[in-house]
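One-letter residues, chain by chain:
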Amino acid sequence: MTRRPLILALLDGKGAVFLGVLASLAVLVPVSNLLLPEASPLHVPTYAVSLLGKYLSYALLALALDLVWGYCGILSLGHGAFFALGGYAMGMYLMRQIGPRGVYGHPVLPDFMVFLNWQELPWYWHGFDMFPFAALMVLAVPGLLAFVFGWFAFRSRVTGVYLSIITQAMTFALMLAFFRNDMGLGGNNGLTDFKDILGFPVQAQATRVALFVATVTALALGYLVARYMVTSTYGKVLVAIRDAESRARFLGYRVEHYKLVAFTVSAMMAGVAGALYVPQVGIINPSEFSPANSIEAVVWVAVGGRGTLVGAALGAVVVNTAKSWLTGALPELWLFALGALFIIVTLYLPKGIVGTLAEWRDKRRATVSAKPAEVAAGAAE
Amino acid sequence: MTNAALTNTVLYLDGVSVTFDGFRALNKLSLAIAPGEMRAIIGPNGAGKTTMMDIITGKTRPDEGEVFFGGMIDLTMLDEAEIATLGIGRKFQKPTVFESHTVADNIRLALAGERSPFSALFGARNRIPEERIDAVLSTVRLTEHRERLAADLSHGQKQWLEIGMLLAQDPKLLLVDEPVAGMTDAETAETAHLLKAIAREHSVIVVEHDMAFVRELGCKVTVLHEGSVLAEGSIDAVSANERVIEVYLGR
Ligand SMILES: Nc1ncnc2c1ncn2[C@@H]1O[C@H](COP(=O)(O)OP(=O)(O)O)[C@@H](O)[C@H]1O
Ligand SMILES: [Mg+2]
């Protein structure tokens, strides 16, 4: 078998389509928003740019979740926590950018600290006035939490439903902690009223378009990283662990190390997703830690198709589009619709949208002729 | 056993006991396997054969007793991955392969070599020569199934794939748990042939019920009963042993 250049090895058919769509979005959405007159039917209004950017940050969260769930069988019901931590790290940077322009006009302290009569900035707020430090924390805080959590959980061989429950407990505990005012992170109001990011006004049209492009880029990079991981032998070992964990152990693989790498990388991706989400929606508060959010992310991945990466991203966008529409039309129905969706997908579409499409394609190929299908399978190797 | 005798074993168990919820699965089990030896272990269901393999491979910790590999490595201190890396491979009673991987990838993952996540991500694990895979596949006669998913193999083929994975691992000692369960007579004969070929270069412990198969292997036999050794010797000798007939063969 000959070796192909890395990028070709990374891109299968659906990957190429996916990156093609992202590239088109990165070009067409800004052009349409900034250059076309508002009256034009092809004009994308600025609010829609941010809405789409929000969906794509969810898509990155879904991709991160698919890496651990789809490929390693770790059903995390707490990935929203990593997303929220990345979001808080970005939020802290945005708060520090407000400077003396807060309602109380304090030169350093954010409004909520002045309101609580705090005299000085808590130690963990230091450094967040610098973007590179905040960006590092966006990766480091979720990554570190995932590493420590995973270190104990995987070493103690907690798996299956027990692992899911403790991930859920983790995000729930963080939510309770972040609700407390003395955490120094804005209590139940969270962090909001952002003004600038990197010196540009957060609300400005051009900034919003730039944030959108940044999100598309992060999603594409996240996809390439995840795709590299799952196509390497590392990814094959992950799937092997998912299929038969003890077999992998008796072959000499340190299962806990493999899981730990995937879990930590996944948490960092989720953190980046959260960091891109916050400036586009303008707020981060403890409800982002709520267990329901993490469960919703699982539904996105299930709908799109676990173990496909592209499907996870697609599922996030599809489900959230449906959610926006339904919460506008019949808000009280959303939770029921989400539950029904999960049941329908589990029963009738267990491979999700992308997995089912791939299955149809394989079947069609197989019926055309058995021989070419074999060749194709060999080439896909 | 003297120290000199101990160092002359590939595997040495002495006085190993393990209890599950008050039930003694192994009861002062002692066993010594010489380097290069093939040994068959027989015994009725529940005799503790699989549990013995669990002890050797680090899945279960003994309550008491000694387990030494190569005369000096205490296996009771190590976990599964460490023991596998030392050179002990294991085939499960129920065939266990990676179902969503192809036959070739199953062998690829089993092949001896660096096993860290780093090497699997960036290093040597990604540069396994296909010839090494082909060589193993031809030994276990799965060459024509190379690109099929392991899930699509027949039961007997899965057993062979798992034996192939063991071979690829290139261990010093192979533990093979009921390799011919559910096989046709023709497959059983081929498996006996295969194991004898493997035993030329490795130490092998085979657990099996099928007496015809054990006879075919033509090696020393240990009979386990209620967690300890009941008899040991040639197949003819143990078949003639009255206690063995009583608890096992004569039923
Ligand atoms: N993990 C375990 N927990 C409880 N009982 C066990 C466990 N493993 C084995 N046993 C019991 O130990 C006994 C020996 O089992 P096993 O070693 O599987 O026998 P064999 O392989 O000889 O048929 C059986 O009675 C079995 O039920
Ligand atoms: Mg058994």
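Each value, and the rule that gives it
Residues numbered from 1 in each chain as written. Chains lettered and ligands numbered in written order. Predicted model: local features only at pLDDT ≥ 70, side-chain atom pairs only at ≥ 80, totals over all residues. Heavy atoms only, no water. UniProt positions renumbered as here; feature names shortened; annotations may be inferred. Near = heavy atom within 4 Å. Polar contact = N/O pair within 3.5 Å; in protein donor to acceptor, adjacent residues only side chain to side chain. Areas by Shrake-Rupley, 256 points an atom, 1.4 Å probe, with all protein chains shown as cover. Helix = DSSP H or I, 4+ residues; strand = E, 2+ residues; numbered from the N terminus. Nonpolar A, V, L, I, M, F, W, Y, C, P; charged D, E, K, R; others polar. Core = buried A, V, L, I, M, F, W, Y, C linked by side-chain atoms within 4.5 Å. Buried < 20%, exposed > 50% of the residue type's maximum accessible area, 1.4 Å probe, protein only. Contact = heavy atoms within 4.5 Å. Expected span 1.5 Å × (residues − 1). Pairing = 2+ DSSP bridges. Axes fitted to C-alpha atoms, helices over the stretch in contact; angles between N-to-C directions. Patch = residues over 30% accessible without salt bridge, like charges linked within 9 Å, V, L, I, M, F, W, Y side chains within 5 Å. Salt bridge = Lys/Arg side-chain N within 4 Å of Asp/Glu carboxyl O.

Looking at an unreviewed UniProt entry, one finds chain B named Urea transport system ATP-binding protein, with Chelatococcus composti as its source organism.

By the naming in an unreviewed UniProt entry, chain A goes by Urea transport system permease protein and is assigned to Chelatococcus composti. Its UniProt record gives chain A a comment under Subcellular location (unreviewed entry), which states: "Cell membrane".

Draft legend 1. Seen up close, the site of ligand 1. All names here are of chain B. Around ligand 1, a shell composed of Phe20, Phe23, Ala25, Pro44, Asn45, Gly46, Ala47, Gly48, Lys49, Thr50 and Thr51 is seen. At 3.2 Å from an oxygen atom of ligand 1 is found a main-chain nitrogen or oxygen belonging to Ala47. Within the side chain of Thr51, one N or O atom sits 2.5 Å away from an oxygen atom of ligand 1. For ligand 1, whose free accessible area comes to 560 Å², the fraction covered by protein is 62%. Elements that contribute at least two residues to the shell around ligand 1 include exactly strand E2 (23–33) and helix H2 (49–56). The leading source of residues in the shell around ligand 1 is H2, at three residues. By residue class, the composition of the shell around ligand 1 is five nonpolar, five polar and one charged.

Draft legend 2. Region of the structure containing the UniProt feature "transmembrane region" (unreviewed entry) in chain A. All names here are of chain A. With numbering matched to this structure, UniProt assigns "transmembrane region" (unreviewed entry) to residues 16–36, 56–89, 130–154, 161–179, 209–226, 257–278, 298–321 and 333–350. Annotated as residues 130–154, this span is 96% helix and 0% strand, and its ends, taken at the C-alpha atoms, are 35 Å apart. What you have in residues 257–278 is 100% helix and 0% strand, and the ends, taken at the C-alpha atoms, are 32 Å apart.

Draft legend 3. View of the nonpolar core. Trp125(A), Leu191(A), Phe289(A), Ile107(B) and Leu161(B) are the most contacted members of the largest nonpolar core, which has 162 residues in total. Looking at this core, the element that brings in the most residues is helix H3 (residues 46–72) of chain A, giving 15 residues. Other than its neighbours up to four places away in sequence, Trp125(A) contacts Met92(A), Met95(A), Arg96(A), Pro110(A), Phe112(A), Met113(A), Gly184(A), Leu185(A) and Leu191(A). Of all hydrophobic cores here, the second largest spans 27 residues; its members include Ala25(B), Leu26(B), Val67(B) and Val207(B).

Draft legend 4. Representation of unusual backbone geometry within the structure. Residues and elements named next belong to chain B. Non-glycine residue Glu178 carries a positive phi angle of around 45°. For Glu178, the location among the structural elements is in the loop between strand E7 (173–177) and helix H8 (185–199). Although it is not a glycine, Glu226 sits at a positive phi angle of roughly 45°. When you line up the elements, Glu226 lands in the loop between strand E9 (220–225) and strand E10 (228–233).

Draft legend 5. View of the side chain of Asp54(B). Residue and element names in this part refer to chain B. Structurally, the position occupied by Asp54 is in helix H2. Under the relative-accessibility criterion, Asp54 is labelled buried at 10%. Of note is the side chain of Asp54, whose polar atom sits 2.7 Å from the side chain of Arg90. Discounting residues that sit within four places of it in the chain, Asp54 has contacts with Lys59, Thr60 and Arg90.

Draft legend 6. Highlighting helix H12 (residues 291–304) of chain A. Residues and elements named next belong to chain A. Along its 14 residues, H12 runs 21 Å from first to last C-alpha, staying within 8% of the 20 Å computed at 1.5 Å per residue. Most of H12 is tucked away, with 11 of its 14 residues classed as buried. Among the residues of H12, Pro291, Ser294, Glu296, Ala297, Val298, Val299, Trp300, Val301, Ala302, Val303 and Gly304 are the ones counted as buried. Looking at the buried side of H12, the elements it contacts are H3, helix H4 (79–98), helix H7 (160–179), helix H13 (310–329), helix H14 (334–348) and helix H15 (352–368). Following H12 by one or two positions, Gly305 adopts a phi angle in the positive range, close to 120°.

Draft legend 7. Here's a closer look at the sheet that holds strand E4 (residues 64–69) of chain B. Residue and element names in this part refer to chain B. The four strands are arranged E2-E1-E4-E5 in an open sheet whose pairing can be described as antiparallel. Here the strands that pair on one side only, and so sit at the sheet edges, are E2 and strand E5 (73–74). With two bridges connecting them, E4 and E5 associate as antiparallel partners. For Phe69, the partnering residue across the bridge sits in E5 and is Ile73. Set on the sheet, H2 makes contact with strand E1 (11–20), E2 and E4; between it and E1 the angle comes to about 115°.

Draft legend 8. Geometry of a nonpolar patch on the surface. There is a patch of nonpolar side chains on the surface, built from Val27(A), Leu28(A), Val31(A), Leu34(A) and Leu35(A) and spanning about 480 Å² of accessible area. Along the chain, the position of Val31(A) falls in helix H2 (residues 13–35).

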